[in-house]
Amino acid sequence: MVDAERRAVYSRLILRKLVSSKVTWVAGAALLVVVGIFWIKDSNKTAFEAFLGLSPYFFLFLTQDMIRGEVDSGSLENVLFVDGGYKTYLLMKNRVVAGAAAAFVSGLAVVLAVPMAVNGAFPAKTAIPLFLMALAVGIYFVLLGNTLSLFLKGGSNAMIVVVAQAVVFVWQMMSLNRQGGFMTYLETGAFPDFGARLGFMGVAAVIPNLLIKSRFVLYGLEFLLLAAALWGFQRYKVGRLELERR
């Protein structure tokens, strides 16, 4: 089997895993329901803003049980994965998962954006950069989730990210009385010095979806750079991975 044919088979296998997963359907339905509630109860613009902040979680939840479970189950010893093909297959999960998630959220974004374009509630020059930033955060979450999936089974990878976000958010909320801090910088977008900006970027790496605002669009580059670093780490770990014969 030539490389192109093998990659096509790998893509279909990954997509089949996504489609057959209950988590995929639950996460997609949850996003639709929450956005729909905001649209009905408030406005199309509010629904789009909620969509921007929540859509990266769809990317994250699609990474559950992507790597460690398959490695430990022995399923990668199939003839389809001979000659190190399982390494290509595991690394392809980033691209296929990110592409599938991006296709879904892009479709939903169009549904939300068309009415806004008609009534002028959210100009395209603002909405498009924010959507692209949401995609950058989603891609970062895919790389982060799949990197954690190298070590964790099931949905533990996604839950660790959510719990870490909750802990950091509560910690930052408790520091509101102090001058400065993440929440203050998030509100103002102004930093007293470079050290404060670096600290802000560090916290943002944990809760990046809070930064999907016009004044922070350029921070999308930070998340893409973090995704690239995670990709490099994955290549290193997968390249050293050897399956145990069963």
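The structure under discussion appears in the preceding block.
Residues numbered from 1 in each chain as written. Predicted model: local features only at pLDDT ≥ 70, side-chain atom pairs only at ≥ 80, totals over all residues. Heavy atoms only, no water.

Brief notes about the packing of helix H6 (residues 124-149) against helix H10 (residues 220-239)
Then step 1. At a closest axis distance of 8 Å, the pairing of H6 and H10 adopts a crossing angle of 25°. By the angle class used here, H6 and H10 are roughly parallel. Relative to H10, H6 is oriented so that their crossing is left-handed. Residues Met 133, Ala 136, Val 137, Ile 139, Tyr 140, Leu 143, Leu 144, Asn 146 and Thr 147 of H6 pack against Gly 220, Phe 223, Leu 224, Leu 226, Ala 227, Leu 230, Trp 231, Phe 233 and Gln 234 of H10.
Then step 2. Residues that form the contact of H6 with H10 fall into these classes: 14 nonpolar, four polar and no charged. (Axes fitted to C-alpha atoms, helices over the stretch in contact; angles between N-to-C directions. Helix = DSSP H or I, 4+ residues; strand = E, 2+ residues; numbered from the N terminus. Parallel < 35°, antiparallel > 145°, perpendicular 65-115°, else oblique. Left-handed = near helix turned anticlockwise from the far one by under 90°. Contact = heavy atoms within 4.5 Å. Nonpolar A, V, L, I, M, F, W, Y, C, P; charged D, E, K, R; others polar.)

Here we look at helix H7 (residues 156-174)
Then step 1. With 19 residues, H7 should reach 27 Å at 1.5 Å per residue; the first-to-last C-alpha distance of 27 Å fits that figure.
Then step 2. Those residues of H7 lying buried are Asn 157, Ala 158, Val 161, Gln 165, Val 168 and Gln 172. Taken around the axis of H7, the buried residues stretch over an arc of 100°, which confines them to a single face. Away from its buried face, by an angle of more than 90 degrees, H7 presents the exposed residues Val 167 and Met 174. (Expected span 1.5 Å × (residues − 1). Buried < 20%, exposed > 50% of the residue type's maximum accessible area, 1.4 Å probe, protein only. Arc of directions from axis to C-beta.)

Some remarks on the packing of aromatic side chains
For any pair of aromatic rings, geometry is given as the distance between the ring centres together with the angle between the planes.
Then step 1. One pass over the full model with this rule turns up 17 aromatic pairs.
Then step 2. Cluster of aromatic residues (ring-pair linked, three or more members): Phe 182, Tyr 185, Phe 191, Phe 200, Phe 216 and Tyr 219. (Phe/Tyr/Trp six-rings, centres within 6.5 Å; stacked < 30°, edge-to-face > 60°.)

Points about the nonpolar core
General note: in soluble globular proteins, nonpolar side chains tend to be found buried as a group.
Then step 1. By size, the foremost hydrophobic cluster in this structure holds 71 residues, and its most contacted members are Phe 51, Phe 182, Phe 200 and Leu 211.
Then step 2. A total of 14 residues in this core trace back to one element, the largest contributor, which is helix H5 (residues 85-119). (Core = buried A, V, L, I, M, F, W, Y, C linked by side-chain atoms within 4.5 Å.)

Section: the environment of Gly 220
Then step 1. Along the polypeptide, Gly 220 turns up in helix H10.
Then step 2. Under the relative-accessibility criterion, Gly 220 is labelled buried at 6%.
Then step 3. Setting aside its immediate chain neighbours within four residues, Gly 220 contacts Met 133 and Ala 136.

Details of the side chain of Asn 157
Then step 1. When you line up the elements, Asn 157 lands in helix H7.
Then step 2. Using a relative accessible area of 0% as the deciding quantity, one classes Asn 157 as buried.
Then step 3. Here Asn 157 is in contact with Thr 63, Gln 64, Asp 65, Gly 145, Leu 148, Ser 149 and Leu 152, once residues within four sequence places are set aside.

Focus on unusual backbone geometry
Then step 1. Of note in the backbone geometry, Asp 65 takes a positive phi value of approximately 55° without being a glycine.
Then step 2. Judged by its relative accessible area of 25%, Asp 65 is partly exposed.
Then step 3. The phi angle at Asp 83 is positive, at roughly 55°, despite the residue not being glycine.
Then step 4. Inspection of the secondary structure assignment puts Asp 83 in the loop between helix H4 (68-73) and H5.
Then step 5. Exposure remark for Asp 83: the relative accessible area of 77% places this residue in the exposed category.

A word on the packing of H5 against H10
Then step 1. The interhelical angle for the contact between H5 and H10, taken along N-to-C directions, is 160°, at an axis separation of 10 Å. On the basis of their axis angle, the class for H5 and H10 is roughly antiparallel. The chirality of how H5 crosses H10 is right-handed. Residues Lys 87, Leu 90, Leu 91 and Asn 94 of H5 pack against Trp 231, Gln 234, Arg 235, Val 238 and Gly 239 of H10.
Then step 2. Of the residues in the contact of H5 with H10, the class split is four nonpolar, three polar and two charged.

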